[in-house]
Protein chains: 4
Amino acid sequence: MITTNPFEDRDGDKLREECGIFGVLGARDAAAMTALGLHALQHRGQEAVGITSFDGQEFYSRRGIGHVAQNFSSGQAIAELPGMMAAGHVRYSTTGGSGLRNVQPLFADLASGGFAIAHNGNISNAMFLKRDLVQKGAIFQSTSDTEVIIHLVATSRYPTLLDRFVDALRLVEGAYSLICMTPEGMIACRDPLGIRPLVMGKLGDAVVFASESVALDVVGADMVREVEAGELIQVALDGSIQSHRPFGETPQRPCIFEHVYFSRPDSVLGGRSVYEVRKAIGMQLALENPADADLVIPVPDSGVPAALGYAQQSGIPFELGIIRSHYVGRTFIQPSDGARNADVKRKHNANRALVAGKRIVLIDDSIVRGTTSLKIVQMMREAGAREVHFRVASPPTEHSCFYGVDTPERSKLLAARMDIAAMAEFIQADSLAFVSIDGLYRAVGEAQRSSACPQYCDACFTGDYPTRLTDFGDRSPGCSPVKLKTKPAKVA
Amino acid sequence: MITTNPFEDRDGDKLREECGIFGVLGARDAAAMTALGLHALQHRGQEAVGITSFDGQEFYSRRGIGHVAQNFSSGQAIAELPGMMAAGHVRYSTTGGSGLRNVQPLFADLASGGFAIAHNGNISNAMFLKRDLVQKGAIFQSTSDTEVIIHLVATSRYPTLLDRFVDALRLVEGAYSLICMTPEGMIACRDPLGIRPLVMGKLGDAVVFASESVALDVVGADMVREVEAGELIQVALDGSIQSHRPFGETPQRPCIFEHVYFSRPDSVLGGRSVYEVRKAIGMQLALENPADADLVIPVPDSGVPAALGYAQQSGIPFELGIIRSHYVGRTFIQPSDGARNADVKRKHNANRALVAGKRIVLIDDSIVRGTTSLKIVQMMREAGAREVHFRVASPPTEHSCFYGVDTPERSKLLAARMDIAAMAEFIQADSLAFVSIDGLYRAVGEAQRSSACPQYCDACFTGDYPTRLTDFGDRSPGCSPVKLKTKPAKVA
Amino acid sequence: MITTNPFEDRDGDKLREECGIFGVLGARDAAAMTALGLHALQHRGQEAVGITSFDGQEFYSRRGIGHVAQNFSSGQAIAELPGMMAAGHVRYSTTGGSGLRNVQPLFADLASGGFAIAHNGNISNAMFLKRDLVQKGAIFQSTSDTEVIIHLVATSRYPTLLDRFVDALRLVEGAYSLICMTPEGMIACRDPLGIRPLVMGKLGDAVVFASESVALDVVGADMVREVEAGELIQVALDGSIQSHRPFGETPQRPCIFEHVYFSRPDSVLGGRSVYEVRKAIGMQLALENPADADLVIPVPDSGVPAALGYAQQSGIPFELGIIRSHYVGRTFIQPSDGARNADVKRKHNANRALVAGKRIVLIDDSIVRGTTSLKIVQMMREAGAREVHFRVASPPTEHSCFYGVDTPERSKLLAARMDIAAMAEFIQADSLAFVSIDGLYRAVGEAQRSSACPQYCDACFTGDYPTRLTDFGDRSPGCSPVKLKTKPAKVA
Amino acid sequence: MITTNPFEDRDGDKLREECGIFGVLGARDAAAMTALGLHALQHRGQEAVGITSFDGQEFYSRRGIGHVAQNFSSGQAIAELPGMMAAGHVRYSTTGGSGLRNVQPLFADLASGGFAIAHNGNISNAMFLKRDLVQKGAIFQSTSDTEVIIHLVATSRYPTLLDRFVDALRLVEGAYSLICMTPEGMIACRDPLGIRPLVMGKLGDAVVFASESVALDVVGADMVREVEAGELIQVALDGSIQSHRPFGETPQRPCIFEHVYFSRPDSVLGGRSVYEVRKAIGMQLALENPADADLVIPVPDSGVPAALGYAQQSGIPFELGIIRSHYVGRTFIQPSDGARNADVKRKHNANRALVAGKRIVLIDDSIVRGTTSLKIVQMMREAGAREVHFRVASPPTEHSCFYGVDTPERSKLLAARMDIAAMAEFIQADSLAFVSIDGLYRAVGEAQRSSACPQYCDACFTGDYPTRLTDFGDRSPGCSPVKLKTKPAKVA
């Protein structure tokens, strides 16, 4: 029980999470469909999973540590979750034995009845709000920022649940895509800037919400549209749908890194195929940073689409020079520093016969700490590569994210510590280049980045934070972008 | 998530529990000592156990389903609970997978800091208070009546934690012995009537509290005295002790059934050896209800002291005519009806060679549903007993307990359904007799029961409930005893 | 995999085991009945349990670590064991993770079909035989001495299974009560001296075998008789029974310690009630070794019958001065040295109010290492006893058992290290006395011990071993008793 | 206990397994290195894993159900396996609760000392040999064909272990690559035809054996050479190496399907890069079976190299039209029929934005039952593909394998049931074509298949079995190829 600093995590790496959410109303097998949908979103969070369902009378909940398949593949697990409405959550990172407390959906018995909530994002004034709520007698069950929303709803003076919910959201700053359930139905909403994604689909009479369109595909639903930035969609138990705009019209600023890495390539985001955008980034990269080489080799698997784009643009053959084992998770999303550095070899093996004696271009989606990149370059050299050129399908990652993405502290980001020449030396590449920020914007279909009013949240590349960051020492108005120069204050 | 009836339990048998609590402040191995103390109180609750400790900075907690030895015997388990202050709880009856939520000590982060609470007893207006708290925005984590106290403390307007705690207790009715921990130290208290027991001990500089004196013996502590009815004892981290009397002077009415059955025979309760009291009850029983027989046979193990008393008073030899297997728990405390009836034979076996052809007097501590008694009489007859006389070391149990004891609904109590002659026929005994209520009072050292102001809570025998029972349909003032005639309303 | 010394156990304490066996043929719920029967024999072995059944076509087997109730109480466990014939085994002591290999019944597919065997006792030339079998190409699955019998059967040249089985037993020396199953039926037998017990019962058309009569009682079977020393009883699937005497007529020498401690008091052994024999030992003890005292106090629970006998003979009142917790196993049978010494206090608590200021006689069944006795005497003194006299219901235990009883090495037996005066000093008793060997024989109904041809195996008291002990360095003919003076050679 | 048919498996699908083996002698962390090596071979068997080590004195063993990472990633697991020699095994398919008996390495205490064996392949006269061994008194522990070898060694009359081992192998027919451990060192060998692979490597002074070269890469060892067909390599504890040829010179016939599918693309097999061979197959396929299409799309992941070859040869762009989830195992290797058909959608999702309106060529490595192919074609059509052409990088799979590969019964192989036109219709492709058998041989570097003396075992394509198949009804001499026309007799 961490009494003083409820949101803090021991090793500072786990506070901010990336999550996936899914909800369905009006389906006979709501919980089974939710499990399938969450499975399709498994790449967004692999450490814990929860599903809550409602059968018209009661709410049922089941949570577990690990993957969806480990916790929700059995008929028995699904049978514990009856009803035609269900919502679920996959989560990156919980700690220790008491971790189940933090697994979402969170649930509470309010005076108005049960209330369940699944959240993707991060509330950047949660600590501030929590301190005030506890002062007034609120008792928190979890160390999750999401619970703040529940207590704000519970203590709001407005008469209807919807009013209370909007009242709560008005106090909250940061990034959130939410799926909530009440005895009256489902509520889905996105924060005013629409930082984290959320889409709506239809499957027969059922309404479905999901973090990404791939989850709709997998459950067999048709995409309707994205939930808009600042939109709140209410679906009644009878299936009737109402859209609200509690914050008025707001300019959207969705996370651009979803296109670079987070989302699955078979998702469609902001009207564009993620796969095509990644190929386009690779093409931009080839135009901006050509290389004189024999082979284009992707760092598997996330580098593959950009590598295909690079190869098609440059005419250099695309080949699998690194073979990835199927029996491990992907690099970026492993929790501890040790695990991140250790097992590269166990996960990626050089295709020696192919690489030996060749000049190669390695394509990766991003560089965070640089330690994996170094190991991969070394592996290629040990396998006999004559030259190793490194090309990165995103600009240098220089800043931490406070909107629900697990990034290391700034001091551990390679690009925050050195310039490109030094980075090239660090990872031992013969050359290193990144796509430009404007090149990235071109790949997503913009002419260029608008510095006055950027079309995306690209704070991790630029440091332009689009909201206030109260818990992190910032009190500036949310309208003008925030530039944080220093390592963020330890959340307490 | 049972949203409508949080305290209700599916089979109606598990709501009201008997528990044991233990706390220590000032000991180097506070958690290890607490585990040992709880082990000595294991007979008071066998389904779940929890320990919370405080190391001067943070609170640590560990809970488990099952016995103390299963959960707290490993060095690793104890190492998770550092600090010189700890408190724990054994509990009879939790349900299902989410049961850990209800395992005590309960903990909350209040504005004043951490607050842990372990409770033996039952709050008889918990539902009433909870409804009001939820209306005001409180969010409950558990379905335990104890959590009401935490929320009352959290929302009290008084400035100090002690004031808030007393403010909370003033709203509460029913039975409670409590051990609480705050960053300032430990608080132990008993309800104004002192219905459930609580003793204080010393071990070097450490202060110890426990439900029964036997726990002091086992950890090597010396008994100081009982916490008095209506007393609140505050122990600061430096060991300084203050006694408070927030309810003024109150006449005490401790549970007389602790002497009959609940407490261990090697405990000292109200200044008397439980073993000696039980022998004295057996002697009263022999005086009031002699039997012409060859052998006095205890129903093991709880009937043994009374049987020794009966044998010494009557001069009939004491013999072990029923052999109890070591590999099962005691009869009374098994949760489901099925288990209670089924396994008598597996648990108790007739000592045929001894019993065959003899006239025997069976001595048991009480009769609840009568089904076990019937099976034991039948077993004696099958083993060849010529006559079977049944003597019971308590008056007929006619009424449910609402103060933290798991009793069946009235309609299932044998003595509520028939008179003694019919009961004798039901259990197939040649004769049946109970000690009188005045005989019982004599055994505990009173001249007789004072009907104006009974010295003990004996509601299970007499129906005289000493407090209001708001959740159970009663609104009478607490001062005059309550007589509930009907089956208690289903708690919702 | 301990390749060189298959029977050796790391701490030398676990090689020799005490077990319980049960078998039934002709019952609809053979496996369920076996589970119940084994539960009644749980005191004979608490570390592992197995049941094998046969449904006319195939054998089914299930094994587990721990108690019968932990492994065989579920309907699912029983459903895995179909058929009308079943046999099972409870076992004291297996080691480590691979321990399940040693859990009985052992099973093998022989050329003649399946063969299952459950064994109580110890083969004293198992190492010798095993060495020879391995030399000829046999591959052992377990480190159990019992497996030797299976390999001897498998490699015997005789035509019928019965002949092969007898052929195998002729090569074997030591103690064995066996229940075997083949596709033709069940075989039960005892070694020529009948060292370990085995009884036969009937329940309707079903035939039942068990280590003790109490198991017949619990399953509702009637006792028929004991399997005789050197007798082999064959029961065909149709229920027809044949008795064989493969070793001719042999003088029996059953273990006398079964009367002192191993068997349950409600069993009948050699025609005598174990309870009555223990009371008679207590009476002998009182006659031989009176004490001037106020109270007779049993060391619970095994000392109770002897204490009742001592109290009745001496006229000193019997009282429970030590209260035993229900939540631990009995002292003697815990595996590691540490566990044996440590938790006395947690298991037995002084009834202070009773003992304070009194002169007491403690009655225990035996003294092995003396460490527990010392702790109990100390506990009585700490509780205020004025004088503590210790009386033991068996002669001094001076010698190790090689017939299936877990005894420490001789050097750890208190009585092998010092005389009675020194022992009294060691355990800090005011006086100490043991029943004489002739007193013990009188209690079991003999006039005295026949030194020429003792009626019982009493080697643990006298050192007169009734068989050869090949693996332990002895090559003397089995007919004249063996006197081993030295610590037995480490079995390898 | 399945007494009559020890090798049979209930659903007939699990008898014949594909496995991976790894061994090392002379490494300080032999067990840890073995775990890492087995992890690199995880694709060869995912259901169970075991490692046995030897520390110069004793053998240690640990087995588990599931992946290597689940069982051998903890320091504790490795610490249980001390010593500088270790060998391990991953296995596809064990059954039920008792499955651990079948997990390899198998171990036995022979007269000569401990003997551990890990086996990849299948003994095609194991049933025949077992029947004889049991008749002579052998007792089998497992239902594995491998145990036959141990018993043959144990009962051989030859003086040295090596002689006994060769004596045993002479009686055995079928496919085997073996790694054995004795107290003297390690023995690795391949059957006379070298059907299953085995390579030897060096890491400093340590000698390493593994099923595939990728395992050498991952542990950091250098490849020395393949163990030759019919070769037996003996490595003494001091590291000295001897090669034996107990069967004289034999023509080799390694499994060609290793190139098509089993081996990892980053392995080198028979001197050729598996990746390059697969690309070459794709090129052959493009030459033999062109298609008029817009995109070449691999069925992930095993179809990728052939698709790259096809794309490079044909000039049609290579694109990822199917996105494979990382959170499931690969199709071929899931045990039950249900699992194979069910979850296609959950595992592979169409990249709609790419595929819609296009004419596509799908490239897969093989077609077994065809049900997955059908689902993939349907998925492409649902995603809007205009034409779907299917090209397969191996000839039609018409025959079962009896050499350690899990294939369905012939009657379930699509190519055994219909011609190519019917297959195309079945999978609903616009066109379907397979590479020719000679095209396949060209891709592995041969001019063509020698029908007189085929250079590879290609029985699954041709029905030419290179050995006798005694247990499957065949008694023909091993020298001339066996042609089995009928469904193989159920092994009993």
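Conventions used here
Residues numbered from 1 in each chain as written. Chains lettered and ligands numbered in written order. Predicted model: local features only at pLDDT ≥ 70, side-chain atom pairs only at ≥ 80, totals over all residues. Heavy atoms only, no water. Helix = DSSP H or I, 4+ residues; strand = E, 2+ residues; numbered from the N terminus. Buried < 20%, exposed > 50% of the residue type's maximum accessible area, 1.4 Å probe, protein only. Polar contact = N/O pair within 3.5 Å; in protein donor to acceptor, adjacent residues only side chain to side chain. Contact = heavy atoms within 4.5 Å. Pairing = 2+ DSSP bridges. Axes fitted to C-alpha atoms, helices over the stretch in contact; angles between N-to-C directions. Domains from an automatic or database assignment. Buried area = accessible area lost by both parts, 1.4 Å probe. Salt bridge = Lys/Arg side-chain N within 4 Å of Asp/Glu carboxyl O. Nonpolar A, V, L, I, M, F, W, Y, C, P; charged D, E, K, R; others polar. Least-squares fit on C-alpha atoms with pLDDT ≥ 70 in both.

Asker: Would you mind going over the side chain of S53(B) with me for this structure?
Answerer: All names here are of chain B. One can find S53 in strand β2 (residues 48-54). Accessibility expressed as a relative area gives 0% for S53, which makes it buried. Within polar-contact distance, the side chain of S53 engages the backbone oxygen of L81 at 3.4 Å. With residues up to four places along the chain from it excluded, the contact list for S53 reads E58, F59, Y60, L81, P82, M85, A86 and M181.

Asker: What should I look at first to understand the sheet that holds strand β12 (residues 232-236) of chain C in this one?
Answerer: Residue and element names in this part refer to chain C. Spatially, β5-β6-β7-β8-β12-β13 is the arrangement adopted by the six strands of the open sheet, whose pairing is antiparallel. Sheet topology places β5 (106-110) and β13 (241-244) at the edges, where each strand pairs with a single neighbour. Ignoring which end each strand starts from, the neighbouring axes of this sheet average 20° apart. Where strand β7 (residues 174-182) and strand β8 (residues 185-190) come together, six bridges link them in antiparallel fashion. Paired with C180 across the strands is I187, a residue of β8.

Asker: So what exactly am I meant to see when it comes to the domain arrangement of chain A here?
Answerer: Size of an interface, as often reported, equals the accessible area lost when the parts are brought together. When the domains of chain A are assigned, the result is domain 1 (16-249) and domain 2 (277-443). Between the C-alpha centres of domain 1 of chain A and domain 2 of chain A the distance comes to 34 Å.

Asker: For this particular structure, what's the right way to read the interface of chain A and chain D?
Answerer: If you look at the interface, chain A gives 38 residues, while chain D gives 38 residues. Buried area between chain A and chain D, summed over both chains or domains, comes out near 3,500 Å², and the portion from carbon and sulfur atoms is 56%. Where chain A meets chain D, there are four salt bridges. Across the pair E319(D) and K279(A) runs a salt bridge whose closest N-O atoms are separated by 2.4 Å.

Asker: Got a minute to help me understand the interface of chain A and chain B in this structure?
Answerer: Every contact between the two is made by 26 residues of chain A and, on the other side, 27 residues of chain B. Together, the buried faces of chain A and chain B total about 2,300 Å²; carbon and sulfur atoms form 57% of this surface. Run the count over chain A and chain B and you get zero residue pairs in polar contact (both at pLDDT 80 or more). Broken down by class, the residue content of the side of chain A that touches chain B amounts to 14 nonpolar, eight polar and four charged.

Asker: I'm lost on the relation of the copies chain A and chain D in this one. Help?
Answerer: The two chain copies are related to each other by a rotation about an axis together with a translation along it. Here chain A sits on chain D after a turn of 180° about the axis and a move of 0.0 Å along it, with an RMSD of 0.0 Å. As the rotation angle and translation indicate, the two copies are arranged about a two-fold axis. Across chain A, the smallest distance between a C-alpha and the rotation axis is recorded for H326(A), namely 3.6 Å.

Asker: What's the story with the sheet that holds strand β6 (residues 113-123) of chain B in this structure? I'm lost.
Answerer: As a general point, the strands of a sheet are linked pairwise by backbone hydrogen bonds and lie either parallel or antiparallel. Residue and element names in this part refer to chain B. Spatial ordering of the open sheet is given by β5-β6-β7-β8-β12-β13, a layout of six strands whose pairing is antiparallel. The outermost strands of the open sheet, each flanked by one partner alone, are β5 (106-110) and β13 (241-244). Across the sheet, the axes of successive neighbouring strands diverge by a mean angle of 20°, strand direction being ignored.

Asker: What am I meant to see in unusual backbone geometry here?
Answerer: Glycine aside, the phi torsion of most residues is negative, and most peptide linkages are trans. Of the consecutive residues Q104(A) and P105(A), the connecting peptide bond is found in the cis state with omega at -5°. As for its position among the elements, P105(A) is in the loop between β4 (85-91) and β5 (106-110). The phi angle at Q428(C) is positive, at roughly 65°, despite the residue not being glycine. Summarising the element assignment, Q428(C) is placed in the loop between α16 (420-427) and β21 (431-434).

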